[in-house]
Amino acid sequence: MNKKMTISSIKKTKGVRSLVMITAYDALFAKLLEPNSDMILVGDSLNMSFAGKSDTLSATMDQMIYHTNAVCMGAKNSFVVCDMPFGTFINKEEALKNSIRVFQETQADCVKIEAGEDKAEIVKYLTSNGIAVCGHIGLLPQSVRSQGGYKVKGKTEQEKLQLIRDAKAIEAAGAFCMVMEGVKAEIAGEIASSVTIPVIGIGAGADVDGQVLVFSDMLGLFEEFNPKFVKKYMDGATLVKNAVKRYADDVQSKEFPQEIHTY
Ligand code: KIV
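Worth saying up front: this structure is predicted, and the values here are computed from it rather than measured. (Residues numbered from 1 in each chain as written. Predicted model: local features only at pLDDT ≥ 70, side-chain atom pairs only at ≥ 80, totals over all residues. Heavy atoms only, no water.)

Peer 1: If you had to explain the domain arrangement of the protein chain to someone new, which residues and values would you point to?
Peer 2: The domain architecture assigned to the protein chain consists of domain 1 (7-232) and domain 2 (236-263). Taken over C-alpha atoms, the centre of domain 1 sits 39 Å from the centre of domain 2. Residue-level contacts link 4 residues of domain 1 with 4 residues of domain 2. With both chains or domains summed, domain 1 and domain 2 bury close to 270 Å², and 49% of this area falls on carbon and sulfur atoms. Summed over the three residues of domain 1 that lose the most area to domain 2, namely Gly220, Leu221 and Glu223, the buried surface amounts to 86% of that side. Our count for the domain 1 to domain 2 interface comes out at 1 salt bridge. Of the charged contacts, one joins Glu223 and Lys241 as a salt bridge, the two residues approaching to 3.1 Å between their closest N and O atoms. Across the domain 1-domain 2 interface, the total number found is 4 residue pairs in polar contact (both at pLDDT 80 or more). Its residues assigned to classes, the side of domain 1 that touches domain 2 comprises 2 nonpolar, 1 polar and 1 charged. (Domains from an automatic or database assignment. Contact = heavy atoms within 4.5 Å. Buried area = accessible area lost by both parts, 1.4 Å probe. Salt bridge = Lys/Arg side-chain N within 4 Å of Asp/Glu carboxyl O. Polar contact = N/O pair within 3.5 Å; in protein donor to acceptor, adjacent residues only side chain to side chain. Nonpolar A, V, L, I, M, F, W, Y, C, P; charged D, E, K, R; others polar.)

Printed below as a string of C-alpha cells:
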C-alpha cells in the first residue's frame, strides 16, 4: 500500500479487495500507520481517546484542523479523511463553510459526515461545490445523547430498509464511499451491495468493503472502552506501563543514565 490512494482507486476496490482504514490524531502515529493503511481517518473519536472526554460531541472545527494538519505532516503519502465534528454541518451553508476550511487549511483529501438520507441534501451541496465526501451511516456517535446511548442498528426490517435508503441517498448525493458503524452483520452485506461505492464497516461484520478501527483501540492503548467489535492487536497499555515502570525504577536506582547516554 505504498501508492497514495485516490477517490478513483478507492472506488475501484469495490468487489476486488477490502479497504484498510485506521484513525490517527498525530504525525507520530500517522507515520507508523501509513505503510499498511489505505486511508487515515482523523476521527472526532480523538475527543475521547486523545482529549479524555466521555463522547465526541465537544470536538471543534479548530481541533479537527489542528489534528488533521499533524496527520498530513506525518503521512504525506496517505489519503486523509477529516471528520466533521458535531454541529459543523447543521445546514448547507455551515457545512460548506467548514468543509472549505478543511480543504484550505489542511491537506486532507475529503471530509466525513455522519449523514444518512436526512442530510443527503447537505452532502449533495458539498460534492457539487468540489468537496469530496465520505458518508457515515448506522450508529452515529454524534447522536449518542439524542438516541440515549450507542444503539446497534439493523435489528428490525424497518431499520434495515432505512439503512438501505441512507446508503443509496448518500451515494446519489455524490459521496465516494461511506463508513457504516454498529450494524447487525447479517444485514450489513445487503446494505453494502445496495450501492456501487465502498462501504467501510466498524462493528458491521465481514461482508462489507473494508474495515476501520480506532488506532488506540486496536493497539490496546485506550483502556476505558472495550467494545465487542474491536480486535486488540497488542496490549499497548500494559507495554507502555511496564516500560515506564522500568524507566522509573532505573531513575530511582541510578541505572539510568549510563555512560552511553551521557555527554
Ligand atoms: O471518529 C471516528 O474515529 C470514527 C470512526 C469510529 C469511524 O468516526
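Back to the write-up after that little detour.
Peer 1: How would you summarise the site of the ligand if you had to cite specific residues and measurements?
Peer 2: Close contacts around the ligand come from Thr23, Leu41, Gly43, Asp44, Ser45, Asp83, Lys112, His136, Val179, Glu181, Ile202 and Val214, and that covers them all. Take Ser45: an N or O atom from its side chain is 2.5 Å from an oxygen atom of the ligand. One of the side-chain N or O atoms of Lys112 is found 3.0 Å from an oxygen atom in the ligand. Counted by class, the shell around the ligand contains 4 nonpolar, 4 polar and 4 charged residues. (Near = heavy atom within 4 Å.)

Peer 1: Got a sec to walk through the pairing of strand 6 (residues 177-181)? Specific residues and values, please.
Peer 2: In the case of a regular strand, side chains alternate between the two sheet surfaces. Among the 5 residues in strand 6, 5 count as buried, and that is most of the element. Alternating residues of strand 6 divide into Cys177, Val179 and Glu181 and Met178 and Met180, and every residue in both groups is buried. Alignment of strand 5 (residues 133-138) against strand 6, held across 5 bridges, turns out to be parallel. Counted as the bridge partner of Cys134 is Cys177 from strand 6. (Buried < 20%, exposed > 50% of the residue type's maximum accessible area, 1.4 Å probe, protein only. Helix = DSSP H or I, 4+ residues; strand = E, 2+ residues; numbered from the N terminus. Pairing = 2+ DSSP bridges.)

Peer 1: Describe the side chain of Asn98, with residues and values.
Peer 2: One can find Asn98 in helix 5 (residues 92-105). Residue Asn98 is classed as buried on the basis of its relative accessible area of 7%. Beyond its immediate sequence surroundings of up to four residues, Asn98 is in contact with Met61, Met84 and Thr88.

Peer 1: Describe the packing of aromatic side chains, with residues and values.
Peer 2: The tally for this structure, following the rule as stated, stands at 4 aromatic pairs. Between Tyr25 and Phe215 the ring centres are 5.3 Å apart and the planes differ by 70°, which places this aromatic pair in the edge-to-face class. Within this pair, whereas Tyr25 is found in the loop between strand 1 (19-23) and helix 2 (27-33), its partner Phe215 is found in helix 10 (residues 215-218), the two being separated by 190 residues in sequence. For Phe215, a relative accessible area of 7% gives the class buried. Centroid distance Phe29 to Phe215: 4.6 Å. Interplanar angle 40°. Geometry classified as tilted. On the criterion of sequence distance, the pair formed by Phe29 in helix 2 and Phe215 in helix 10 is long-range, its members being 186 residues apart. What links up through ring pairs into an aromatic cluster is the set Tyr25, Phe29 and Phe215. (Phe/Tyr/Trp six-rings, centres within 6.5 Å; stacked < 30°, edge-to-face > 60°.)

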